[in-house]
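Structure at a glance
Spelled out from the first residue to the last, the chains are:
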Protein chains: 4
Amino acid sequence: MIKASVIGATGYAGQELVRILAGHPSVSLTGLGVQSYEGKRFSEVYPHFQGIVDLVCAHTRDPALVEDADVVFLGMPHGHSAPLAREALARRGKVVDLGADFRLRDGEAYTRWYQVPAPEPDLLARAVYGIPEIRRDAIAQATLLANPGCYPTSVILGLAPLLETGRVDPESIIADSKSGVSGAGRGASLSTHFSEVTGNFSVYGLPAHRHTPEMEQELSRIYGKDLTVSFIPHLVPMVRGMLSTIYVRLTGEWTQESLRALYAERYAGEPFVRVRPPGQYPKTKEVYGSNMCDLGVYYNDKKNMAVVVSVIDNLGKGAAGQAVQNMNLMFGLEETAGLTHIAIYP
Amino acid sequence: MIKASVIGATGYAGQELVRILAGHPSVSLTGLGVQSYEGKRFSEVYPHFQGIVDLVCAHTRDPALVEDADVVFLGMPHGHSAPLAREALARRGKVVDLGADFRLRDGEAYTRWYQVPAPEPDLLARAVYGIPEIRRDAIAQATLLANPGCYPTSVILGLAPLLETGRVDPESIIADSKSGVSGAGRGASLSTHFSEVTGNFSVYGLPAHRHTPEMEQELSRIYGKDLTVSFIPHLVPMVRGMLSTIYVRLTGEWTQESLRALYAERYAGEPFVRVRPPGQYPKTKEVYGSNMCDLGVYYNDKKNMAVVVSVIDNLGKGAAGQAVQNMNLMFGLEETAGLTHIAIYP
Amino acid sequence: MIKASVIGATGYAGQELVRILAGHPSVSLTGLGVQSYEGKRFSEVYPHFQGIVDLVCAHTRDPALVEDADVVFLGMPHGHSAPLAREALARRGKVVDLGADFRLRDGEAYTRWYQVPAPEPDLLARAVYGIPEIRRDAIAQATLLANPGCYPTSVILGLAPLLETGRVDPESIIADSKSGVSGAGRGASLSTHFSEVTGNFSVYGLPAHRHTPEMEQELSRIYGKDLTVSFIPHLVPMVRGMLSTIYVRLTGEWTQESLRALYAERYAGEPFVRVRPPGQYPKTKEVYGSNMCDLGVYYNDKKNMAVVVSVIDNLGKGAAGQAVQNMNLMFGLEETAGLTHIAIYP
Amino acid sequence: MIKASVIGATGYAGQELVRILAGHPSVSLTGLGVQSYEGKRFSEVYPHFQGIVDLVCAHTRDPALVEDADVVFLGMPHGHSAPLAREALARRGKVVDLGADFRLRDGEAYTRWYQVPAPEPDLLARAVYGIPEIRRDAIAQATLLANPGCYPTSVILGLAPLLETGRVDPESIIADSKSGVSGAGRGASLSTHFSEVTGNFSVYGLPAHRHTPEMEQELSRIYGKDLTVSFIPHLVPMVRGMLSTIYVRLTGEWTQESLRALYAERYAGEPFVRVRPPGQYPKTKEVYGSNMCDLGVYYNDKKNMAVVVSVIDNLGKGAAGQAVQNMNLMFGLEETAGLTHIAIYP
């Protein structure tokens, strides 16, 4: 059994990790690190774990969390991951960081967007940005994994097949994304207050959101040249789920069929990416609680434009699910191990 | 025009008062007192008032709020109303307090339940507990009005006709109440966090909730003898609305028809209480944004028990609407003035 | 008093009309026409009108609905408005049609999109497409008014100031719109089933939605030349409200300030269009139950692109509210008469 | 592997069964019977099963569904289960019926409440009402299992420990239950229409609901003497989850501690019933998607009354989860097999 600890276990992504790892056939949960609930049982913080995960939470800096673990998952606010990662790596543990600290290769850009110092260059250089469907081999070799943001995951999986063809206008990309509220985390604030959010759809992150450089970095790598993305996030009055509507002008000749075939072939055999059949639209609830990414692709012949609709659970494929998928690759396990949850419906 | 100020204007009940008063034909809003947004325009705090109420907010202790007003509405946390009320009364203004400070005639009970000192006895003695359908004449004479809590309003209106007959078992009353989340106010907390509350029905306030003594006090007055209530509040994942299901054993002979007739007659002519016709169940959305209280009455012949279902908007008849209805009476205005909002549906 | 009848009164737009007209100072509701509830009181269909609108509903074809009315509001499925409109006009009544029948000037296009015969050309020629902020004078002269769709209203108000300058790329417009579920009407179906929609964000209307030609027609008129719109609608798990995120490439030089100033000046003095101050984002709940359209405008200097966010209540400014605003103009009333509702919040 | 077929697979309980069985380590799903989607793949009806359960649906009367199965799950409208059950039993298959047909031992009562003929007496006599925590041994011997209703499950588990002591007033029981909307099934109707239900809490089922006789039958069996229940159901604007607040007068001496200890001991070792620790209230989302029943017990010393709060997922322990738990017992499998889902949170 692989010994795993989760530091930042009581955040929403953290507790989703605990849920997945508690049911993982090759993992034993050995430590939970928290900032606010030290000394409490995990099931006191989250009563739905009563009788299931009753581990006592340790402080995030408790050395046992790192010493005893084969893999350390970090779900910390940005700026807090680097020292924990360094310690774990020094002890030959592997690290999966769900925060933003290792996602941007350019440390200066990181500091500009996040207003905290970037991790040291040696750590940054070591980190692998991990979307398995894009970089499976590199992930399998990684010891320090930068788990992608939820918005970038939905947009990158939605655009990769097209970018790989090179037949797009790289300045035309618009990603209009809509996220459930759990993406904002567990911290109470007016902007996540039930009475304020319920029945209330809104836009935010204008003129520019932190996930933009992450998207541009990875999409440019796939495309092979620099490109830009106009990314606008919205808040949907629902808890989980994310849908990105992605607009991109094409070059060359396309049809609805050739567009769909491109996606179907690109993702054939992928256990966690499904291309919806013609006439179907993906919906967020169809991936609820799962590690799936569902795609719909539509061709606008008047504009030679593709509209790609990409749906994930922001806490699943957008966070904890993808983290475990990455861990499976890093340890040579079956990629789907512990991730066979079917979406809860209705 | 009656000059009105609202102290505690940015709480949910406060802003609902502002909405109602801004459309009241005989009222001019002259001052808004706040604790956290001093110096900001009201429409900066609540953008839906842009172009409608752009008044600059003053501090709650700003003397102008009291000096210039014919009526002062207080929407303050408990323990804060008494000094403001005393000042306003000294200047011959009338006071409508939406908080709890003047609701319990027994100052000791108040202190026990609310953990703050009770207002001085002279103020307590002066306060009139104001449900117009129960005590219209006393309210018309009042200068200091204790506006009832939302739970008590729904339960008292639901039980008054039966209690007035005296033909009930006074120890059998159970009030199982369900409230929308706006009743918990605008303060951000984990218990009102969108991701925690959405899709999540829960009970709270056990073994005993603060609104119990208020209910028992007023219901006992109506009944003419002491009685007790088993009151259990629940939180519904919705913003506005409250439904109380009230169980009471009857004495004497009853039928479905006689029970319904009692209610229909008792509330005939009341503009804000409607008894639903046979076969209909009241629903919270049918009073959304209005000052209505809708009642359904059902007779259980096997147990000689009445089940009364009482529905209000917790911010309307449960708070700001009733406050304005009381003000109308206190100033000799048409009782429905400014309160003709029809529920927003669907 | 203007005598008004509403044909199609029990649909959601119809009942919202009834709500507004019941509180209109210059209107007397004289008739309600329905397809399914003939002979029932309106308040039996919608209990929240108990004691407020207890009129008995007539069949939609009852001649009294047209004979006795100074203005007839039609809220019928498409294809059903023309004969009713003709009759009303013959009796010198004015007509406000909330359906789609008179919106497209090109009858053939209408038939292609709606699969029913278009109204006769003389009626089509007579109809005025009514967004008051765009065509106030023409509306004041109209006897047959085509009340716009909700999506077009939000997009047209969001784009008009820019199109009037001519400094846009007319082929670059993308309107990514998100609507509450009440826009789908009151008819029960799997796609509007509570358990299917709740917590479920989805896209629909691809590759092309019926509101596209309506938008293109009116936007082209404003722009002075033909243009196209890529319009993609989405369904938000909430009841009321609509937000459109509109992307348009600009020509010439712009700044955030010049862009915002354009909108502020264009809509200065408009009672129902508000431009949000810098740093604020419009939210759907801030117009809930009102006739407001709130706009936010954001400049992307890297792309010389404007992002306009436009928010309305789909049943308010998107249907019944705008219908009454149009009626006010058609009868020479104060434009805001009966439309002073402040959004219900929270 | 046990071969299982689900007849009525596209109802909400049916598809939840499919979800659970698809992940069950000892079950192979061999047939899906439907009424409306014959010939379609299951994943066309429910796209979230794409790539997971792509079985083609057969008609409910297709003999293969019964012939090939070791166990047949029936999720049919009432009145339709008996012939299917008889056929399956004749072929030595076991039957778990999720409908109401075999729940009431008294066929006449069944016909009175459900308005359809009762199954023949030999079948009724053979059926075992299956709540494992109450009748584990009988279930293990059963070939025809009547899977309980969701409301009765929540109430029976909430009351059993007290009834077994005999120290209650058997005429005092009030069960005030609140259910999510998925309990009303997948059929589209006005009463489950998104725009009608959202933000709308309501009561229904008065004066008496079909689940009352089922509760009274089973509670009387546990108590050893006839008792009655005043049961009032409510509809909560959420999809899944049920909370029953149960009031019962006690006899003899009790304390908060003795009451809680009774429940803790009674359910010690039960994998699917958890008694919340003092100071905690159970919430519906804490059992979302799981087979758990969470209980809170509170003592009212003024009335010598217990208030028991019982929470389940109406499609989990209230339907499909309990059905699989029963099947596990009937086949001598580990009782928790296939049921280890942890609640999805938040």
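Every chain's residues receive numbers from 1 upward, in the order its sequence appears when written. Whichever chain is written first is A, and whichever ligand is written first is 1; the rest continue in order. Per-residue local features of the predicted model are confined to residues with pLDDT of at least 70, and side-chain atom pairs are confined, for both listing and counting, to 80 or more; whole-chain, interface and lining totals are unaffected and use all residues. Hydrogens and waters are ignored; side-chain quantities use all the structure's heavy atoms.

1. A short note on the domain arrangement of chain A
All names here are of chain A. Residue ranges for the domains trace back to a domain assignment, done automatically or taken from a database. Domain parsing of chain A yields domain 1 (2-126) and domain 2 (151-314). Contact between two residues is taken to exist if any of their heavy atoms lie within 4.5 Å; hydrogens are not considered. Contacts between the two partners involve 14 residues from domain 1, matched on the other side by 13 residues from domain 2. Joining two parts hides part of their accessible area as seen by a 1.4 Å probe, and the buried area is that hidden amount summed over both. Both faces considered, domain 1 and domain 2 share a buried interface measuring about 1,300 Å² in area, 48% of it formed by carbon and sulfur atoms. When residues of domain 1 are sorted by the area they lose upon contact with domain 2, Tyr 12, Arg 105 and Trp 113 head the list and together hold 45% of the total. Salt bridges, as used here, are contacts in which a Lys or Arg side-chain nitrogen is within 4 Å of a carboxyl oxygen on Asp or Glu. Applying the counting criterion to the domain 1 and domain 2 interface returns two salt bridges. Glu 214 is paired through a salt bridge with Arg 103; the nearest N and O atoms lie 3.4 Å apart.

2. Some thoughts on the environment of Val 128 of chain D
Residue and element names in this part refer to chain D. Summarising the element assignment, Val 128 is placed in strand E6 (residues 128-129). Taking C-alpha positions, Val 128 is 19 Å from Arg 91, a pair spaced 37 residues apart along the chain. For Val 128, the residues in contact, after removing those within four places along its chain, are Arg 135, Ala 138, Ile 139, Ala 142, Leu 144, Leu 145 and Ala 146. Segments assigned H or I by DSSP are reported as helices when at least four residues long, segments assigned E as strands when at least two residues long, and all are numbered from the N terminus.

3. Looking at empty space enclosed by the protein
Think of a 1 Å grid over just the protein atoms. A cavity is a set of points where a 1.4 Å probe fits yet cannot get out, a pocket is an open set with protein on both sides within 12 Å along at least five of seven lines, and lining residues have an atom within 4 Å of a point. Grid points are joined across faces, edges and corners, and a volume is the space filled by probe spheres set on the points. Evaluation of the coordinates by the stated rule reveals eight cavities of 30 Å³ or more. If you add up the space inside the largest cavity, you get close to 660 Å³. Lining the largest cavity are 36 residues, and of these Thr 198 of chain A, Thr 198 of chain B, Thr 198 and Pro 237 of chain C together with Thr 198 of chain D lie nearest its centre.

4. With respect to the pairing of strand E1 (residues 2-7) of chain C
Looking along a regular strand, one sees the side chains alternate between the two faces of the sheet. All names here are of chain C. Using a 1.4 Å probe on the protein chains alone, a residue whose accessible area is under 20% of its type maximum counts as buried, one over 50% counts as exposed, and one in between counts as partly exposed. Taken across its six residues, E1 has five buried, putting it largely inside the fold. We treat two strands as partners when DSSP finds at least two bridges between them. Relative to strand E2 (residues 27-34), E1 runs parallel, the two sharing six bridges. Paired with Lys 3 across the bridge in E2 is Ser 28. Look down the strands so they point away from you; if the path from the first strand over the helix to the second goes clockwise, the crossover is right-handed. The parallel pair E1 and E2, bridged by helix H1 (residues 12-22), forms a crossover whose chirality is right-handed. Sheet analysis places E1 next to strand E4 (residues 71-74), joined by four bridges and oriented parallel.

5. Quick look at the interface of chain D and chain B
Across the boundary between the two partners, chain D contributes 43 residues, which contact 42 residues of chain B. Buried surface at the junction of chain D and chain B, both sides included, amounts to about 3,500 Å², of which 57% is carbon and sulfur. The largest per-residue losses of area from chain D upon contact with chain B belong to Phe 201, Leu 206 and Tyr 281 of chain D, which jointly make up 17% of the total buried on that side. Scanning the region where chain D abuts chain B turns up four salt bridges. Across the pair Glu 171 of chain B and Lys 303 of chain D runs a salt bridge whose closest N-O atoms are separated by 3.7 Å. Whenever two N or O atoms come within 3.5 Å, that pair is a polar contact, provided that in protein one can donate a hydrogen and the other can accept it, and provided that, for residues adjacent in sequence, both atoms are side-chain atoms. Summed over the shared surface of chain D and chain B, the number is 28 residue pairs in polar contact (both at pLDDT 80 or more).

6. A word on helix H7 (residues 132-141) of chain D
All names here are of chain D. Burial in H7 covers these residues: Pro 132, Glu 133 and Ile 139. Buried residues in H7, looked at end-on, bunch into an arc of 45°, giving them a common side. For H7, the exposed residues lying more than 90 degrees away from the buried face are Asp 137 and Gln 141. What the arc covers is the set of directions going from the helix axis to the C-beta atoms.

7. A look at the pattern of salt bridges
As enumerated under the stated definition, the model contains 80 salt bridges over all chains in all. The partner of Glu 16 of chain D in a salt bridge is Arg 240 of chain D, with the nearest N and O atoms 2.6 Å apart. Taken as a pair, Glu 16 of chain D in helix H1 (residues 12-22) and Arg 240 of chain D in the loop between strand E10 (230-235) and strand E11 (242-249) lie far apart in primary sequence, 224 residues in all. Comparing Glu 16 of chain D with Arg 240 of chain D, the two get one shared label, buried. One salt-bridge network, in which partners are shared between bridges, spans Glu 16, Arg 19, Arg 240 and Asp 313 of chain A.

8. Remarks on the sheet that holds strand E13 (residues 293-300) of chain B
All names here are of chain B. The seven strands lie next to each other as E9-E10-E8-E11-E14-E13-E12, forming an open sheet whose pairing is mixed. The sheet is open, and its two borders are formed by strand E9 (202-203) and strand E12 (273-275), each paired with just one other strand. Bridge count between E9 and strand E10 (residues 229-235): two bridges; the pairing is antiparallel. Looking across to E10, one finds that Val 203 is bridged to His 234.

9. A few points about unusual backbone geometry
Put simply, Leu 206 of chain C and Pro 207 of chain C share a cis peptide bond, and its omega is 5°. When you line up the elements, Pro 207 of chain C lands in the loop between strand E9 (202-203) and helix H10 (211-223). The residue after Tyr 345 of chain D, namely Pro 346 of chain D, is reached through a cis peptide bond having omega 0°. Mapped onto the elements, Pro 346 of chain D comes out in the segment after helix H12 (316-330).

10. Notes on the interface of chain D and chain C
Between chain D and chain C, the contact holds 20 residues from the first and 20 residues from the second. Counting each side, the surface lost to burial between chain D and chain C is near 1,600 Å², with a carbon and sulfur contribution of 64%. If you sort the residues of chain D by the area they bury against chain C, His 193, Phe 194 and Ser 195 of chain D come out on top, with a joint share of 40%. Counting every contact that joins chain D to chain C gives two salt bridges. The residue Arg 186 of chain C makes a salt bridge to Glu 196 of chain D at a minimum N-O spacing of 3.6 Å. On inspection of chain D and its partner chain C, the count reaches nine residue pairs in polar contact (both at pLDDT 80 or more). When residues of the side of chain D that touches chain C are assigned to their parent elements, the largest contribution, four residues, is made by helix H9 (residues 194-197) of chain D. For this classification, the nonpolar set comprises Ala, Val, Leu, Ile, Met, Phe, Trp, Tyr, Cys and Pro, the charged set comprises Asp, Glu, Lys and Arg, and every other residue, Gly included, is treated as polar. Here the side of chain D that touches chain C is built from residues that sort into 10 nonpolar, eight polar and two charged.

11. Re the relation of the copies chain D and chain B
Note on the chain copies: they are related by a rotation about an axis and a translation along it. For the pair chain D and chain B, the best superposition has an RMSD of 0.0 Å and corresponds to a rotation of 180° with a translation of 0.0 Å parallel to the axis. Taken together, the rotation and translation relating the two chain copies correspond to the operation of a two-fold axis. Comparing interface residues between copies, 98% of those in chain D also lie at the interface in chain B; the contact surface is shared. Each copy is superposed on the other by least squares, with the fit set by C-alpha atoms of residues at a pLDDT of at least 70 in both.

12. Regarding the sheet that holds E11 of chain D
Residues and elements named next belong to chain D. On the basis of which strands lie adjacent, the open sheet formed by seven strands has the order E9-E10-E8-E11-E14-E13-E12 and mixed pairing. Every other strand in the sheet has two partners, leaving strand E9 (202-203) and strand E12 (273-275) as the edge strands with one partner each. Direction of pairing for E9 relative to E10: antiparallel, over a ladder of two bridges. Considered in E10, the bridge of Val 203 is made with His 234. Orientation is described by lines fitted to C-alpha atoms, with helices fitted over the stretch in contact, and by angles between N-to-C directions that extend from 0 to 180 degrees. With respect to the sheet, helix H8 (residues 150-165) is in contact with strand E8 (174-179), E10, E11, E12, strand E13 (293-300) and strand E14 (305-312), its orientation differing from that of E11 by roughly 40°.

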